[in-house]
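Chain and residue survey
Chain residues, written in single-letter form:
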Amino acid sequence: MSESLDNHLVHGRRQRPDGPSPIDVISVQSQLVYGHAGNSAAVPPMRALGVRVAEIPTVLLSNAPFYDTTRGRVLPADWFADLLLGTHERGLPQRAKMLVSGYFGSTANGATFADWLDDILPACPQLRYCLDPVIGDTHTGPYVEPGLEAIFAERLLPHAWLVTPNAFELNRLTGMPALAEADAIAAARTLLDRGPHWVIAHSVGGTPGELVTLAVGRDETWRWTSPLLPVDVAGTGDVLMSLVVSFLLRGESMQQAISRAIAGTHAALEATLANGFEEFDVIAAAPAALAEGTRFRAERVA
C-alpha cells in the first residue's frame, strides 16, 4: 500500500467505543457482484439468522462463469494473504466460533489458507473449522486446479471438524465410489479417519426423482431424502453449509440443524422456480429453515 493511500485511510477513533465487535463465523469463499455463490450465497442466510459474519473473498467476479461473459479475477495470493493477516491482527480467529472455507480459485490461495490455518489454530482451540472441498460435480467434472485436491486431502482435512463434499467430491477425496448411498457412507467413514468429526455428503443418488443427504459421524449416521427439482443454479451447497452452521451456533443438534438446512435450501429452490429467477433466491432460505425444521426428517441408519 502506498504512503499516500496509507495516509488517506488513517483516521482517529473519535468517539467509537473500544470494545471488539462480536464475530461468530469467518467465511472464506468466492464473491460475486451478480448472483449467488460462495459468500454471496452463504452470508445472506447467516445474517438473516442473526449470525455475525466476517467475509474474506478468494475470488471477485461479476457473475458465475456459466454466462457469456465473466469479469473480475481470482485474488492474487499475496492480496489474499494480506486479508488473512488483517483478520489475525484484529483478533477475529480468537473470537470466532466457526471458520468456513469454500472455493479458493487457485492452488496458491489454497496453500496460503493452509499456511494461515496452521498458524492460527493452535491459539484458537474454540474455533471449529468447516471445510467445503469445492472440486467439481458429476455433470461438470473437476473445475479447479489439480493441485487444490492435494491441499484439501493432505493439509485441510486433518484440521476440519466438519466437511461437506458432494458425491463427486467425496469420490475425488477418497478414491472410492460415492454416488450410491451405501458407497457414500463407506467413503465418508474413511474421511473420518483423517480428522473430521462429521461428514455431510450431499447430492447422493437415491431413487429416481429424489436426492439423498447423509450425515456420517464417528458414532452415528443419519439420512434425509428430498425431491429433485428441475432447476440447476449455483450456490445450493453454500446455502446448505451456511444454514447448518447457523443452527449449530443456535444450539441445535447436528440432525436438527441439517433438517432445517435442507428445508431452507429446498424452499429457496422452490422460490427460484416459482419466481422464474435465473439466480438462486437465497433470501427465501432462512425464513423457511426457521419455519419448516421438520419438513425433512432425519432417519438414523447406523
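Residues numbered from 1 in each chain as written. Predicted model: local features only at pLDDT ≥ 70, side-chain atom pairs only at ≥ 80, totals over all residues. Heavy atoms only, no water.

Here we look at unusual backbone geometry
Of note, Ser203 is a non-glycine position whose phi angle comes to about 60 degrees, a positive value. Position of Ser203 among the secondary structure elements: in strand β9 (residues 198-205). Classification of Ser203 by relative accessible area gives partly exposed; the value is 36%. (Helix = DSSP H or I, 4+ residues; strand = E, 2+ residues; numbered from the N terminus. Buried < 20%, exposed > 50% of the residue type's maximum accessible area, 1.4 Å probe, protein only.)

Comments concerning the packing of helix α9 (residues 236-249) against helix α10 (residues 254-275)
Two numbers describe how α9 lies on α10: the axes approach to 8 Å, and their chain directions differ by 140 degrees. Here α10 runs oblique to α9, going by the angle between their axes. Taken as a pair, α9 and α10 cross one another with a handedness that is right-handed. Only Met254, Ala257, Ile258, Arg260, Ala261, Ile262, Gly264, Thr265 and Leu269 of α10 make contact with α9, whose side of the interface consists of Thr236, Val239, Leu240, Leu243, Val244, Phe247 and Leu248. In terms of residue class, the contact of α9 with α10 is made up of twelve nonpolar, three polar and one charged. (Axes fitted to C-alpha atoms, helices over the stretch in contact; angles between N-to-C directions. Parallel < 35°, antiparallel > 145°, perpendicular 65-115°, else oblique. Left-handed = near helix turned anticlockwise from the far one by under 90°. Contact = heavy atoms within 4.5 Å. Nonpolar A, V, L, I, M, F, W, Y, C, P; charged D, E, K, R; others polar.)

A closer look at the packing of helix α5 (residues 107-120) against helix α6 (residues 147-156)
Running from N to C, α5 and α6 point in directions that differ by 15 degrees, and their axes come no closer than 9 Å. Relative to α6, α5 is oriented roughly parallel. Every pair of crossing elements has a handedness; the one defined by α5 and α6 is left-handed. Together, Thr107, Gly110, Ala111, Phe113, Ala114, Asp115, Leu117 and Asp118 of α5 and Gly147, Leu148, Ile151, Arg155 and Leu156 of α6 make up the contact between the two elements.

Quick word on the pairing of strand β10 (residues 210-217)
Counting buried positions along β10 gives seven out of eight residues, so the element sits mostly inside the fold. In the sheet, β9 pairs with β10 via six bridges, with the strands oriented antiparallel. If you follow Ile200 over to β10, its bridge partner there is Ala215. The turn joining β9 and β10, which pair antiparallel and follow one another in sequence, is formed by four residues; a positive phi near 90 degrees is taken by Gly209. Where β10 and strand β11 (residues 221-227) come together, seven bridges link them in antiparallel fashion. (Pairing = 2+ DSSP bridges.)

Regarding helix α3 (residues 77-89)
An α-helical segment advances 3.6 residues per turn. Residues three or four places apart therefore align on the same side. Its 13 residues place the ends of α3 18 Å apart at the C-alpha level, agreeing with the 18 Å of an ideal helix rising 1.5 Å per residue. The set of residues buried in α3 consists of Phe80, Leu84 and Thr87. Taken down its axis, α3 places every buried residue within 55 degrees of arc, on the same side. The exposed set on the far side of α3, more than 90 degrees from its buried face, consists of Asp78, Trp79 and Asp82. Those residues of α3 that are buried are in contact with β1 (25-32), β2 (53-61), α4 (92-95) and α5. Phi for Gly91, located one or two positions after α3, is positive at around 75 degrees. (Expected span 1.5 Å × (residues − 1). Arc of directions from axis to C-beta.)

A short note on the nonpolar core
The biggest cluster of nonpolar side chains holds 47 residues, and the ones touching the most others in it are Ile26, Leu99, Phe113 and Leu156. With six residues, helix α8 (residues 181-192) is the single largest residue contributor to this core. The contacts of Leu156, once residues within four sequence positions are left out, are Phe104, Phe113, Ala114, Leu117, Tyr129, Leu131 and Ile151. The next biggest cluster of nonpolar side chains, apart from the first, holds 42 residues, and it includes Met241, Leu243, Ala263 and Phe280. (Core = buried A, V, L, I, M, F, W, Y, C linked by side-chain atoms within 4.5 Å.)

Points about the packing of aromatic side chains
For any two aromatic rings, the description comes down to two numbers: the centre-to-centre distance and the angle of the planes. For the structure shown, the criterion picks out six aromatic pairs. Judged by centre distance (5.2 Å) and plane angle (45 degrees), the rings of Phe104 and Phe113 are tilted. When sorted by exposure, Phe104 lands in the same class as Phe113, which is buried. Judged by centre distance (5.8 Å) and plane angle (45 degrees), the ring pair of Phe113 and Tyr129 falls under tilted. (Phe/Tyr/Trp six-rings, centres within 6.5 Å; stacked < 30°, edge-to-face > 60°.)

So, the sheet that holds β11
Taken together, the ten strands give an open sheet; going across it, the order is β3-β2-β1-β4-β5-β8-β9-β10-β11-β12, and neighbouring strands pair in mixed fashion. Of all the strands in the sheet, the pair left with one neighbour each is β3 (72-74) and β12 (299-300).

Some remarks on helix α2 (residues 39-48)
Among the ten residues in α2, seven count as buried, and that is most of the element. Those residues of α2 that fall on the buried side of the exposure criterion are Asn39, Ser40, Ala41, Ala42, Val43, Pro45 and Met46. Backbone geometry just after α2 places Gly50 at a positive phi near 85 degrees.

Points about the side chain of Asn109
Locating Asn109 in the fold gives a position in helix α5. Of note is the side chain of Asn109, whose polar atom sits 3.2 Å from the backbone oxygen of Phe104. Apart from residues lying up to four places away in sequence, Asn109 is in contact with Thr58, Val74, Leu75, Pro76, Ala77, Phe80 and Phe104. (Polar contact = N/O pair within 3.5 Å; in protein donor to acceptor, adjacent residues only side chain to side chain.)

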